[in-house]
Every structure is written in structure tokens, then in C-alpha cells.
Amino acid sequence: MAEQFTKGGQEGWFYDRGYWGGFFHTYDNLQVGREWDKPRKVHIFLPRNYEISQEHFHFGWE
């Protein structure tokens, strides 16, 4: 079952299917860049320690 959340003003869904390596976030209308850029649906696979890690993750288009 997915849980809805808001992060950075973006609404998303948290899925934890029990994979040892991580979990998924899905954003149905992720808005990046300028306001005229078209929102898009993205699925992000994050490592289990993402919230406590000191590592930074960047999107490929930044």
C-alpha cells in the first residue's frame, strides 16, 4: 500500500515493497525547472539509508 507525502512542495507516493536495497517514491506531477516546463511522472528508487545518509543525489537534468 502506498502512503502519500509532500516534500519540497511536491506531492508524492511512498512505496516500500520490501526490497533490501531501497524503496520507491513516485511523483505524478513533478515540476522541475521553470514554471512553464511540463510536469512529468517520475519513479525514483532510493537506498534504504537515504534519509540519514550524508550523500547528495541529483537528477540527471540538473
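No experiment lies behind these values; they were computed from the predicted model shown.

### Let's talk about the sheet that holds strand S4 (residues 40-47)
Phase 1 of the analysis: Spatial strand order, S1-S2-S3-S4: four strands in an open sheet with antiparallel pairing. Looking at which strands have only one partner, the edges of the open sheet turn out to be strand S1 (3-7) and S4. When the angles between neighbouring strand axes are averaged without regard to direction, this sheet yields 30 degrees.
Phase 2 of the analysis: Pairing of strand S2 (residues 10-15) with strand S3 (residues 22-30), which is carried by three bridges, proceeds in the antiparallel orientation. In the strand pairing of S3, tryptophan 13 is matched with threonine 26.

### Some points on the packing of aromatic side chains
Phase 1 of the analysis: Applying the stated rule across the entire model yields five aromatic pairs.
Phase 2 of the analysis: A ring pair is formed by phenylalanine 14 and phenylalanine 23, whose centres lie 5.0 Å apart and whose planes are at 55 degrees; its orientation type is tilted.
Phase 3 of the analysis: Its relative accessible area of 7% is what places phenylalanine 23 among the buried residues.
Phase 4 of the analysis: By the ring-pair criterion, three or more aromatic residues cluster together here, those being Tyr19, Phe24 and Phe45.

### A word on the environment of glycine 9
Phase 1 of the analysis: By the secondary structure assignment, glycine 9 is in the loop between S1 and S2.
Phase 2 of the analysis: Given the relative accessible area of 70%, glycine 9 is considered exposed.

Here is what the cut-offs are and how they apply
Residues numbered from 1 in each chain as written. Predicted model: local features only at pLDDT ≥ 70, side-chain atom pairs only at ≥ 80, totals over all residues. Heavy atoms only, no water. Pairing = 2+ DSSP bridges. Helix = DSSP H or I, 4+ residues; strand = E, 2+ residues; numbered from the N terminus. Axes fitted to C-alpha atoms, helices over the stretch in contact; angles between N-to-C directions. Phe/Tyr/Trp six-rings, centres within 6.5 Å; stacked < 30°, edge-to-face > 60°. Buried < 20%, exposed > 50% of the residue type's maximum accessible area, 1.4 Å probe, protein only.

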